[in-house]
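One-letter residues, chain by chain:
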Amino acid sequence: MPTLKDALSVVRALSKLGVCSRTEAETAVRTGRVAVNGRIVRDPMSRIKLDADRLTLDGMRVKAAAPRYVMLNKPRGLVTTRRDEQGRATVYSVLGDAAAWPGLSPVGRLDRASEGLLLFSNDHQWSAGVTAPGSGLEKRYHVQVDGIADAALLSALRVGADCQGEWLHVTAATLLRQGAKNSWLELGLTEGRNRHLRRLLAAFGFNVRRLVRVSIGPLRLGDLPKGAWRLLEPEEVAQLGAKPADPTPH
């Protein structure tokens, strides 16, 4: 873990302090908004020591932002990004005041048509730990499909299928309930690929009507209303595999 005495790239320093994401930091550097010891730097890989150098963004001294950990019940139809080139509504449109917190970024993604539990944080080291393939955190989804699911389908989903050159499978598959023409499944993933569940179910002839993420590891969506958000409790942050960060002195 980098310390205050380690030399970091300017981009890494801005990200570590929770000011913005690395992509946002790189743009800020290249456009001349960042200075080190009073001198504008335009190379994102310029080195800095946080314990010795003065870092400014838009003329303001950069200090560590208070670490924030947020969970949102994402509504369907929102894009998981801060800005969308096509002008579509994003998840930040329902975050209220939290949307302006420095460096607050999604932890993983849910596609536009998906709903449910979505995390945000400005503690990018914690976020990387949550999303790392080796984290062991299983994500659970409630999925409504067209058609009547049976035990054979559940077994096949656990085994998996070749989907355009990628072998996709689920870690858990349970039938929740059925209607006359559709079924609700609970499916688990420990490592999700792009549109993983939609592609896997399509391989077995099932179209997804709704997809709702209901948990990440021990953290459950619970009764949080659609479009609402709340801060995670410190013990919830720790349960996802990391101790909550303390603001870095500067």
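Residues numbered from 1 in each chain as written. Predicted model: local features only at pLDDT ≥ 70, side-chain atom pairs only at ≥ 80, totals over all residues. Heavy atoms only, no water.

Novice: Account for the overall build of the protein, with residues named and values stated.
Specialist: In terms of helices and strands, the protein carries 6 helices and 17 strands. Expressed along its principal axes, the backbone C-alpha trace of the protein runs to roughly 70 × 35 × 35 Å. Residue burial in the protein is summarised as follows: out of 250 residues, 46% are buried. Relative to all contacts within the protein whose residues are 6 or more apart in sequence, the contacts with residues 24 or more apart total 65%. Surface summary for the protein: the accessible area is close to 12,700 Å², and the carbon and sulfur share equals 50%. (Helix = DSSP H or I, 4+ residues; strand = E, 2+ residues; numbered from the N terminus. Buried < 20%, exposed > 50% of the residue type's maximum accessible area, 1.4 Å probe, protein only. Contact = heavy atoms within 4.5 Å. Areas by Shrake-Rupley, 256 points an atom, 1.4 Å probe, with all protein chains shown as cover.)

Novice: Please provide a residue-by-residue account of the packing of aromatic side chains, values included.
Specialist: Inspection of every chain in the model, using the stated rule, returns 3 aromatic pairs. Residues Tyr69 and Trp126 carry aromatic rings whose centres are separated by 4.9 Å and whose planes lie at 75° to one another, so their mutual orientation is edge-to-face. With Tyr69 in strand β7 (residues 69-74) and Trp126 in helix α3 (residues 124-131), this pair connects stretches of sequence that are 57 residues apart. The pair formed by Tyr69 and Trp126 is uniform in burial state, with each residue classed as buried. Relative to Phe120, the ring of Tyr92 lies with its centre 5.8 Å away and its plane at 75°, an arrangement referred to as edge-to-face. On the criterion of sequence distance, the pair formed by Tyr92 in the loop between β7 and β8 (105-107) and Phe120 in strand β9 (residues 115-121) is long-range, its members being 28 residues apart. The exposure class assigned to Tyr92 is buried, which follows from its relative accessible area of 9%. By relative accessible area, which is 0% here, Phe120 ends up buried. The ring of Trp101 is capped by Arg68, whose NZ or CZ atom sits 4.0 Å from the centre of that ring. (Phe/Tyr/Trp six-rings, centres within 6.5 Å; stacked < 30°, edge-to-face > 60°. Lys NZ or Arg CZ within 6 Å of the ring centre and 35° of its normal.)

Novice: Describe in detail the UniProt feature "domain: RNA-binding S4" (unreviewed entry) in the protein, supporting the description with residues and values.
Specialist: UniProt tags residues 13-49 as "domain: RNA-binding S4" (unreviewed entry). Along residues 13-49 one finds 35% helix and 22% strand; the C-alpha atoms at either end are 9 Å apart. (UniProt positions renumbered as here; feature names shortened; annotations may be inferred.)

Novice: For the side chain of Glu236, give the residues involved together with the corresponding values.
Specialist: If you trace the backbone, Glu236 turns up in helix α6 (residues 234-239). Its relative accessible area of 15% is what places Glu236 among the buried residues. Separated by 2.8 Å, the side chain of Glu236 and the backbone nitrogen of Glu233 make a polar contact. In this view, Glu236 contacts Leu219 and Arg230; residues no more than four positions away in its chain are not counted. (Polar contact = N/O pair within 3.5 Å; in protein donor to acceptor, adjacent residues only side chain to side chain.)

Novice: Please set out the domain arrangement of the protein residue by residue, giving values where relevant.
Specialist: Along its sequence, the protein is carved into domain 1 (6-59), domain 2 (67-132 + 217-238) and domain 3 (137-214). Placing a centre on the C-alpha atoms of domain 2 and another on those of domain 3 gives a separation of 23 Å. Facing 17 residues of domain 2, the contacting portion of domain 3 comprises 11 residues. Interface of domain 2 and domain 3: buried area, both sides summed, is about 1,100 Å²; carbon and sulfur atoms make up 38% of it. Summed over the shared surface of domain 2 and domain 3, the number is 3 salt bridges. Residue Arg195 pairs with Asp111 through a salt bridge whose shortest N-O separation is 3.6 Å. Connecting domain 2 to domain 3 are 9 residue pairs in polar contact (both at pLDDT 80 or more). Within the residue set of the side of domain 2 that touches domain 3, elements represented by two or more residues are β9 and β16 (219-220). Looking at which element gives the most residues to the side of domain 2 that touches domain 3, the answer is β9, with 4 residues. (Domains from an automatic or database assignment. Buried area = accessible area lost by both parts, 1.4 Å probe. Salt bridge = Lys/Arg side-chain N within 4 Å of Asp/Glu carboxyl O.)

Novice: Run through helix α2 (residues 22-30), naming residues and quoting values.
Specialist: Among the residues of α2, Ala25, Ala28 and Val29 are the ones counted as buried. What you see down the axis of α2 is that its buried residues fit within an arc of 100°, all on one side. Buried residues along α2 sit in contact with α1 (10-16), β2 (34-36) and β5 (55-57). Positive backbone phi, at 80°, marks Gly32, one or two positions downstream of α2. (Arc of directions from axis to C-beta.)

Novice: Outline the sheet that holds strand β6 (residues 60-61), listing residues and values.
Specialist: Reading across from one edge, β3-β2-β5-β6 is the order of the 4 strands in this open sheet, with antiparallel pairing throughout. What marks the edges here is a single partner per strand, and that holds for β3 (39-40) and β6. (Pairing = 2+ DSSP bridges.)

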